[in-house]
Amino acid sequence: MQPLDRSTIWPYRDGEPGDFYYQRYAHPTGVEAERVLGELEGGEALLFPSGSAAVTTLVLAELAPGQTIALAEGAYYGTGELFRLLARWGVRFVEFDQTGTPPDGADLVWLEAPSNPFLTMPDLEAAAAHPGRVVVDSTAATPVYLRPLERGADYALHSATKYLGGHHDLLLGAVVCRDPEAASRLRELRGRTGIVASPDSAWLLLRSLKTLRPRVERQTRTATELAKRLEAHDAVERVRYPGFGGMLSFDVRGDATRVETSLKTIANATSLGGVDSVLESRRRWEGDRVPENLLRLSVGLEDVDKLWADLEQAIGIA
């Protein structure tokens, strides 16, 4: 493993700063984590202290007052809420069906692959043909299943807290840029504003990236099987699953809250992408935007039959 260097300063050499001189601009552990993630995605990676910090920095670096973001309908609700806050700085956004063509006039096209919690996949070819720059939030797909820069996107974005981190023990965001000049703009804004990831979180990310592929491939096998069993269950109205990854959502015919509170193996908690399975009703956070009986399940590494037994008994109680 890369040594964990928590230094905030490094001495000059012969009166000149070296590659590292002040942690706010760069530190060895973070640079190594960015190198590894950049290789996985095929671009130049930058880390941020959270996924929301990555979103904020990207918008502020790439847009000016009066410009517009076209945001995928059904994308993570926090992204839209953040864009609403940024409206006071003159940045606008409109929502569109990402399975089709982005609207004219958008300066930045914001996709999510797949969307959370509706699990739709974007039309990447239509987005790449749009004159605006393209961002793909690839948190749930990970570079194992999608490398957006190879599909015409300008940026791949991750809440690295989720699958890239994978253990519910780090908070990080990442932007991977196709254009080195875009990476330089982001790096300058990150350093000036201090929106920088800590060495500890970067070190944990390096640990996690070593097991990314076996983790998400196992989660995919389990989620695929659970989706099939849920679709066949009489108490389930609808299942949403894109065919890969560890996240799915489903609508129960009964009380979603009772399903949550009846779980024994699966944790009733928020977030996703970890080695431990979690499930929650999204209505508490997203309101009328989602069906009242929608439950989001993030599949971990537990035995599939053990997870199914827990889901089956909880759905039966609802």
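A brief look at the structure comes next. Everything numeric here is computed off the predicted structure, so don't read it as measured data. (Residues numbered from 1 in each chain as written. Predicted model: local features only at pLDDT ≥ 70, side-chain atom pairs only at ≥ 80, totals over all residues. Heavy atoms only, no water.)

**Some details on the overall build of the protein**
Formally: The helix and strand labels rest on DSSP assignments: H or I over at least four residues marks a helix, E over at least two residues marks a strand, and numbering proceeds from the N terminus. Just to be clear, the radius of gyration here is over C-alpha atoms, and the globule rule we use is 2.2 Å times residues to the power 0.38. Whether a residue is buried, partly exposed or exposed follows from its accessible area with a 1.4 Å probe, protein chains only, as a fraction of its type maximum: under 20%, in between, or over 50%, in that order. Any two residues whose heavy atoms approach within 4.5 Å at even a single point are treated as in contact. Lys and Arg are tallied as positive, Asp and Glu as negative. Neither His nor the chain termini are counted. Positions of charges follow a simple convention, taking NZ of Lys, CZ of Arg, CG of Asp or CD of Glu.
Of the regular secondary structure elements, the protein holds 11 helices and 12 strands. Taking 2.2 N^0.38 as the reference for a compact globule, 318 residues should give roughly 20 Å; the C-alpha atoms of the protein span a radius of gyration of 20 Å, in line with that estimate. Each principal axis of the C-alpha atoms in the protein carries an extent, and together these give about 70 × 45 × 30 Å. The buried share of the protein, reckoned over its 318 residues, is 53%. Expressed as a percentage of contacts within the protein between residues at least 6 apart in sequence, the contacts between residues at least 24 apart total 67%. The protein carries 35 positive and 45 negative side-chain charges, and their two centres are separated by 3 Å.

**Some details on the side chain of Thr-57**
Here Thr-57 is to be found in helix H2 (residues 51-62). The residues touching Thr-57, leaving out its near neighbours within four places in the chain, are Phe-48, Leu-186, Leu-189, Arg-190 and Ile-195.

**Things to note about the environment of Pro-17**
Along the chain, the position of Pro-17 falls in the segment before helix H1 (28-41). Separated by 150 residues in the primary sequence, Pro-17 and His-167 place their C-alpha atoms 36 Å from one another.

**Topic: the sheet that holds strand E8 (residues 236-240)**
To be explicit about the condition: Any two strands with at least two DSSP bridges between them are considered paired. Note on geometry: axes are lines fitted to C-alpha atoms, helical ones only across the stretch in contact, with angles between N-to-C directions running from 0 to 180 degrees.
Spatial ordering of the open sheet is given by E8-E9-E12-E11-E10, a layout of five strands whose pairing is mixed. Only two strands of the sheet have a single neighbouring strand rather than two, namely E8 and strand E10 (267-268). Judged from the five bridges that link them, strand E9 (residues 247-252) and strand E12 (residues 294-298) form a sheet pairing that is antiparallel. Of the residues in E12, the one forming a bridge with Met-247 is Ser-298. On top of the sheet, helix H11 (residues 304-317) reaches E8, E9, strand E11 (278-281) and E12; it is set at about 25 degrees to E9, its chief contact.

**Description of the environment of Tyr-77**
If you trace the backbone, Tyr-77 turns up in helix H3 (residues 77-86). Relative accessible area serves as the criterion here: at 23%, Tyr-77 is assigned to the partly exposed category. Sequence-wise, Tyr-77 and Ala-129 are 52 residues apart; in three dimensions their C-alpha atoms are separated by 26 Å. With sequence-adjacent residues up to four places away left out, Tyr-77 is seen in contact with Arg-282, Trp-285, Glu-286 and Arg-289.

**Some remarks on the packing of aromatic side chains**
The cut-off we apply is this: Working definition: a ring pair exists when centres of Phe, Tyr or Trp rings (six-membered ring for Trp) sit within 6.5 Å. Plane angles under 30 degrees give stacked, over 60 give edge-to-face, the rest tilted. Note on geometry: a ring has a charge over it if NZ (lysine) or CZ (arginine) is within 6 Å of the ring centre and within 35 degrees of the ring normal.
Taken as a whole and judged by the stated rule, the model has seven aromatic pairs. Taken together, the ring pairs connect Tyr-21, Tyr-22 and Tyr-25 into an aromatic cluster. Over the aromatic face of Phe-48 sits the side chain of Arg-190, whose NZ or CZ is 5.8 Å from the ring centroid.

**Thoughts on a nonpolar patch on the surface**
Just so we agree on the cut-off: Two distance rules govern patches: like charges are joined within 9 Å, and nonpolar side chains (Val, Leu, Ile, Met, Phe, Trp, Tyr) within 5 Å, applied only to residues with over 30% relative accessible area and no salt bridge. Each accessible area is a Shrake-Rupley estimate made with a 1.4 Å probe; only the visible protein chains count as cover when residues are assessed. Each salt bridge in this description consists of a side-chain nitrogen of Lys or Arg and a carboxyl oxygen of Asp or Glu lying within 4 Å of one another.
Taken together, Ile-9, Tyr-12, Tyr-21 and Tyr-22 make up a surface patch of nonpolar side chains, about 430 Å² in accessible area. Overall, the relative accessible area of 52% leaves Tyr-12 in the exposed class.

**Side note on the pairing of strand E3 (residues 92-96)**
Rules: Here is how to tell: hold the view so the strands point away, follow the path from the first strand over the helix to the second, and if it runs clockwise the crossover is right-handed.
Relative to E3, strand E2 (residues 68-72) runs parallel, the two sharing five bridges. Its bridge partner being in E3, Leu-71 is matched across the sheet by Glu-95. In this region the chain leaves E2, passes through H3 and returns to the parallel neighbour E3; the handedness of that crossover is right-handed.

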